[in-house]
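Now for the letters of each chain:
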Amino acid sequence: MSFDATRLGRLARAPENFIDTRALAQAPGGRRGFIRGAFAAALVATGARAMAADGDPNILQLPEHSTGLGNPVAQEGYGKPSKYEANVQRRQSPGLTQTKQASVSFAPLQSMFGIVTPSGLHFERHHQGWWDIDPSKHRLMLNGLVRRPMVFTMDELMRLPAVSRFHFIECGANTGMEWGNVAVPTCQYTHGMLSCSEFTGVPLITLLEMAGADLKAGKFVLAEGADGSSMTRTIPMSLILSGEVLVAYGQNGEMLRPENGYPLRLVVPGIQGVSWIKYLRRIELGDKPYGTKDEVLHYVDLMPDGTHRQYSGIQECKSVVTTPSGGQTLLDKGFYSITGLAWSGRGKVKRVDVSVDGGRNWRTARLESPVLGKCLTRFSMDWVWNGQPTVIQSRAIDDTGYVQPTRAQLREVRGTRSIYHNNAIQSWLVEPGGEVKNVQLT
Ligand SMILES: Nc1nc2c(c(=O)[nH]1)N[C@H]1C(S)=C(S)[C@@H](COP(=O)(O)O)O[C@H]1N2
Ligand SMILES: [Mo]
């Protein structure tokens, strides 16, 4: 099993990301003076370097792509990434996979930019394998506390007014191995049961209203998938009434991928992935929680007093530094842009702090816009590595004021025997040779 190679060579390609706002403010002549003259000098001073051009054959000898005829138009077929990007892949975690159908493939967070997960890199979690279902045969039934039980075809659903929204989806078991003190090596395996897409679909409330739902008596919805896992989850009406819950067929501008529920899945913003029922075939409106197998046996949190915490579906505020992160290697001392992702199942990310000394001191990171509710937010912070061992961490705060806990704070409340809902601060140790490792600070 080879873990992802370092991706840090990319840093040299994006100098506009290197602007240090603190240096800007302190620069002689203020902001403008800094931009005019001092910017390049400041970067050199922080250790950011460009290669010397002298004798570089990549400049002196014209490559074939500058002199020859290029490839013909890719008239047919679906576009693919460059062959040089072949190591950017979803991967199964060594030691975690039991059976191929009840498994997980993790998204390569360390190799991604911005906030959107390309559909081919979206994590997968199946309880009984995936299917490529014929959409002409797929049906969605609405029943329970409704005046007119209804059955929709895909064509009928796609005639209705749709919305498109960016949201993250995170499996409740993401970062679960850290509960067991297993410091898995890369952020792909610690945090890669996380993805973010633009989803397109019909608000579930629209369908319920069409079916004449009894909105007084109807307090909970049961959502059921068409695969053999009998995946059924209870969704409270409060989430549905807000219009946020979608019956979605679109993902990043095209139909859902088969692995992600084609042709129809539930989108439940802010709530753990298991409630995002794939291959959605039935919605039942009821007056109490259904207590299905995946709500009673799985996705419950074993608390220190031996009881289980149930219906703990909201993915609390969390963040992770994706560069530098475990498995990467810093090439040299000097300038780096620390970057990562932050999110909250309760709303928007308000602030992200970054520490490069194991949590003693914190600096506020830049948030890249747009900052959307229940969506990934990209943060970054300028940093000069002095070659000493360093522990890098990030701490997110959401617009409810909730602060992402340390590992010790989380364990104080939740004990140590959980599997799910680990949103603790992640620590990456940079060793003197530049190798980055997962460390669990107490
Ligand atoms: N029908 C069905 N829906 C399902 C599942 C499943 O196995 N079958 N897995 C759930 C779990 S546990 C998660 S985390 C998400 C994963 O969605 P993804 O595979 O699109 O990443 O789907 C959920 N919906
Ligand atoms: Mo999950």
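The structure under discussion appears in the preceding block.
Residues numbered from 1 in each chain as written. Chains lettered and ligands numbered in written order. Predicted model: local features only at pLDDT ≥ 70, side-chain atom pairs only at ≥ 80, totals over all residues. Heavy atoms only, no water.

1. A closer look at the sheet that holds strand β12 (residues 280-286)
Heads up, the condition is: Paired strands, as defined in this entry, are two strands with at least two bridges between them according to DSSP. A helix here means a DSSP run of H or I that spans at least four residues, while a strand means a run of E at least two residues long, and both kinds are numbered starting from the N terminus. Every axis corresponds to a line fitted to the C-alpha atoms, with the helix fit spanning only the stretch in contact, and the corresponding angles, defined between N-to-C directions, vary from 0 to 180 degrees.
Ordered in space as β4-β3-β12-β7-β8, the five strands form an open sheet in which the pairing is mixed. Strand pairing shows two members of the sheet lacking a second neighbour, β4 (150-153) and β8 (232-236), which therefore form its edges. For this sheet, the mean angle separating the axes of adjacent strands, direction not counted, is 20 degrees. Relative to β12, strand β3 (residues 139-144) is paired through four bridges, and the arrangement is parallel. If you follow M141 over to β12, its bridge partner there is R282.

2. Details of the site of ligand 1
Basically, it comes down to this: Think of it this way: one heavy atom of a residue within 4 Å of a molecule or strand is enough to make that residue near it. Whenever a nitrogen or oxygen atom comes within 3.5 Å of another N or O atom, the pair is scored as a polar contact, on the condition that within protein one atom can donate a hydrogen and the other can accept it, and that pairs from neighbouring residues in sequence are kept only if both atoms are in side chains. Values of accessible area rely on a 1.4 Å probe in the Shrake-Rupley scheme; residue burial ignores everything except the protein chains shown. Three classes are used, and their members are as follows: Ala, Val, Leu, Ile, Met, Phe, Trp, Tyr, Cys and Pro are nonpolar, Asp, Glu, Lys and Arg are charged, and the others, Gly among them, are polar.
Surrounding ligand 1, one finds 22 residues, the nearest of these being F123, D227, N260, K278 and Y299. One of the side-chain nitrogen or oxygen atoms of H122 is found 3.4 Å away from an oxygen atom of ligand 1. If ligand 1 stood free it would expose 540 Å²; the protein chains cover 100% of that surface. Grouping the constituent residues of the shell around ligand 1 by class yields nine nonpolar, seven polar and six charged.

3. Points about the side chain of S355
The test is simple: Think of it in three bands: residues with accessible area under 20% of the maximum for their type are buried, residues over 50% are exposed, and the middle band is partly exposed, with areas taken using a 1.4 Å probe on protein chains only.
Along the polypeptide, S355 turns up in strand β17 (residues 349-355). What makes S355 buried here is its relative accessible area of 0%. Engagement of the side chain of S355 in a polar contact is seen with the side chain of D357, the distance being 2.8 Å. Of note is the side chain of S355, whose polar atom sits 2.8 Å from the backbone nitrogen of G359.

4. A short note on the sheet that holds strand β15 (residues 318-323)
Taken in spatial order, the four strands make up an open sheet running β15-β16-β20-β19, and their pairing is antiparallel. The outermost strands of the open sheet, each flanked by one partner alone, are β15 and β19 (366-367). In this sheet, strand β20 (residues 377-385) lies alongside β19 in antiparallel orientation, the contact comprising two bridges. Residue pairing across strands places R366 opposite S380, the latter belonging to β20.

5. Points about the environment of C196
To keep things clear, this is the line we draw: For this analysis, residues touch if any pair of their heavy atoms sits within 4.5 Å.
Relative to the assigned elements, C196 resides in strand β6 (residues 194-203). Taking relative accessible area as the criterion, C196 reaches 0% and is therefore assigned buried. Excluding anything up to four places from it in sequence, C196 contacts I115, V116, T117, H167, F168, C375 and L376.

6. Topic: the side chain of R265
What counts is decided by this rule: This count recognises Lys and Arg as positive and Asp and Glu as negative, with His and chain-terminal groups excluded. Every case where a carboxyl oxygen of Asp or Glu lies within 4 Å of a side-chain nitrogen of Lys or Arg is listed as a salt bridge.
You can see R265 is positioned in strand β11 (residues 265-267). D227 provides the closest opposite charge to the buried, unpaired R265, separated from it by 9.9 Å. Of the polar contacts made by the side chain of R265, one reaches the backbone oxygen of W276; its length is 3.0 Å. Beyond its immediate chain neighbours, meaning those up to four positions away, R265 contacts I169, F199, L246, V247, A248, L256, N260, W276, I277, K278 and L280.

7. Digging into the environment of E209
Tracing the sequence through the fold places E209 in helix α7 (residues 204-210). The contacts of E209, once residues within four sequence positions are left out, are R148 and L215.

8. Digging into helix α10 (residues 407-414)
Keep this limit in mind: The directions considered for the arc run from the helix axis to the C-beta atoms.
Listed as buried for α10 are R407, L410, R411 and R414. Viewed along the axis of α10, the buried residues span an arc of 95 degrees, placing them on a single side of the element. Exposed and facing more than 90 degrees away from the buried side of α10 are E412 and V413. Contacts made by the buried residues of α10 are with β13 (301-302) and β14 (308-309). Immediately downstream of α10, the backbone of G415 shows phi near 75 degrees, a positive value.

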